[in-house]
Amino acid sequence: MHELGGARYLATGETLPGAVLDDLHRVDAVLFGAIGHPDVKPGILEKGILLRTRFELEQYINLRPVKLYRAQDCPLKDKGPEHIDFIVVRENNEGLYAGAGGNLFKGTPAEVAVQESINTRRGVDRCLKYAFELAKRQRGGKPWKGLKPEDTSAGKTTQLTLCGKTNVLTYAFDLWWRGFQEMAPGYPTVKTDYAHVDAICMWFVKNPEWFDVIVTDNMFGDIITDLAAMIQGGLGVAAGGNINPDGTSMFEPMGGSAPKYTGQNVINPIAAINAAGLMLDFLGEKQAGAAIETAVVNIINTKIKSLAAGRMGYGTREVGDLVASLV
Ligand code: IPM
Ligand code: MG
């Protein structure tokens with residue numbers, strides 16, 4: 001275990017020391033706790049720890065399953081677990097997160113700020129390939145469920161939607177679109193679809209049942225997965241994985257930390273528990289991963305009043321113990 005985060009930074013000035021990074025290179029998986037600190041300027045921990053790990057360990061996929069466990073936790077009218085069950089494959093090493101850009105005449109009225117989106121053929125293709133392979137595996141046997149009413153494609157198993165903005169970002173998403181089109185024939189059982197990112201935001205609210213696997217760039221993936229987290233019951237349950245299929249992957253609760261609740265035993269631990277479940281599944285411990293999910297679903301359905309911090313009807317530790325008692 002390594003203690004990283006705001007407290008260490010404030011005490012020593014270190015974010016991610018080289019020796020820790022070396023250690024991470026040597027393992028298959030990392031379980032990442034929530035970091036963030038009210039006394040640390042925004043950007044320092046995010047860039048210095050989370051993003052740096054994603055980049056240095058080449059975790060080029062950010063995988064975010066979106067699954068609603070109980071209808072009452074969904075803010076959408078008339079939507080239940082049968083409508084919200086999809087997975088977002090977010091590119092995790094490039095795009096606007098690559099850090100390309102700069103300033104001219106900083107602090108003057110003539111200031112220029114440039115932030116460029118980097119999209120490489122290799123980076124786009126490996127992300128698309130991961131998404132197509134995931135869709136081909138039918139997300140672990142989940143059957144084709146019809147999706148949009150007009151979809152009748154016989155023999156298809158899963159829908160893969162490319163989420164972009166081809167009508168405006170005519171360089172970056174032209175590359176994504178061509179890569180998507182070129183790869184599709186290699187996956188005859190995967191039904192392909194395309195949606196602009198703004199339209200996806202509408203449909204997450206109106207017709208989330210249309211989606212199965214979604215692939216998108218880093219920035220759009222960041223944004224749509226926060227919306228997706230809300231329709232699956234909130235940051236108390238949303239977890240994700242930063243995947244390097246050939247190296248070290250890292251699993252995390254999606255929401256970061258909530259400093260105002262420090263030490264109060266009120267935070268929902270399920271997002272962190274789900275991250276551990278995803279990690280086990282990724283490591284090939286399918287049964288263990290499934291046992292965690294089953295336990296979580298059971299506890300949510302039988303015990304937990306609300307998924308929100310302070311309103312669960314139990315404390316953080318008690319929820320953890322309840323889940324553990326069923327695993
Ligand atoms: C996420 C977070 C991070 C991101 C932040 C904390 C840098 O929002 O994992 O989605 O933007 O990727
Ligand atoms: Mg985010």
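For the structure, check the block above.
Before going into details, it helps to say that this report is about the structure given with it.

About the thresholds
- Residues numbered from 1 in each chain as written.
- Chains lettered and ligands numbered in written order.
- Predicted model: local features only at pLDDT ≥ 70, side-chain atom pairs only at ≥ 80, totals over all residues.
- Pairing = 2+ DSSP bridges.
- Helix = DSSP H or I, 4+ residues; strand = E, 2+ residues; numbered from the N terminus.
- Axes fitted to C-alpha atoms, helices over the stretch in contact; angles between N-to-C directions.
- Parallel < 35°, antiparallel > 145°, perpendicular 65-115°, else oblique.
- Contact = placed C-beta atoms within 7 Å.
- Nonpolar A, V, L, I, M, F, W, Y, C, P; charged D, E, K, R; others polar.
- Buried ≥ 20, exposed ≤ 12 C-beta atoms within 10 Å, placed from the backbone.
- Core = buried A, V, L, I, M, F, W, Y, C linked by C-beta atoms within 7 Å.

1. Focus on the sheet that holds strand β1 (residues 29–31)
With mixed pairing, eight strands are arranged side by side in an open sheet as β1-β10-β9-β2-β3-β8-β6-β7. Of all strands in the sheet, those with a lone pairing partner are β1 and β7 (190–196), marking the two edges. Between one strand axis and the next, the sheet turns by 20 degrees as a mean value, whatever way the strands run. Of the strand pairs in this sheet, strand β3 (residues 85–91) and strand β8 (residues 213–216) are connected by four bridges, and their pairing is parallel. Residue arginine 90 lies in a different strand from β8, and its bridge partner there is threonine 216.

2. Things to note about the packing of helix α7 (residues 197–206) against helix α8 (residues 218–231)
Each pair of packed helices gets described by two things: the angle between the helix axes and the distance between those axes. In the contact formed by α7 and α8, the axes pass within 10 Å of each other and the chain directions differ by 5 degrees. Overall, the two elements α7 and α8 adopt an arrangement that is roughly parallel. Counting all contacts with α7, which are made through Val197, Ile200, Cys201 and Phe204, the residues of α8 involved are Phe220, Ile224, Leu227, Ala228 and Ile231. A breakdown of the residues in the contact of α7 with α8 according to their chemical character gives nine nonpolar, no polar and no charged.

3. Concerning unusual backbone geometry
The backbone of glutamate 58 shows a phi angle near 45 degrees, a positive value even though the residue is not glycine. Structurally, glutamate 58 is set in the loop between α3 (44–56) and β2 (61–67). Judged by C-beta crowding, with 17 C-beta atoms within 10 Å, glutamate 58 ranks as partly exposed.

4. Looking at the nonpolar core
Note that soluble globular proteins tend to have their nonpolar side chains buried in a common cluster. Val89, Cys127, Ala131, Val213, Ile214, Val215 and Ala271 are the most contacted members of the largest nonpolar core, which has 63 residues in total. Sort the elements by how many residues they give to this core and helix α9 (residues 270–282) lands first, with eight residues. For valine 89, the residues in contact, after removing those within four places along its chain, are Ile61, Leu63, Cys127, Tyr130, Ala131, Leu134, Val213, Ile214 and Val215. Leu4, Tyr9, Ile35 and Ile49 belong to the second largest nonpolar core, which has seven residues in total.

5. Concerning the pairing of strand β10 (residues 249–253)
With five of five residues buried, β10 lies mostly within the body of the structure. By the alternation rule, side chains of β10 split into Ser249, Phe251 and Pro253 and Met250 and Glu252, which are all buried. Inspection of the sheet shows β1 paired to β10 by three bridges, in the parallel sense. Paired with valine 30 across the two strands is methionine 250, which belongs to β10. Where strand β9 (residues 239–243) and β10 come together, four bridges link them in antiparallel fashion. What sits directly across from glycine 240, in β10, is glutamate 252. The hairpin formed by β9 and β10 contains five residues between the paired strands.

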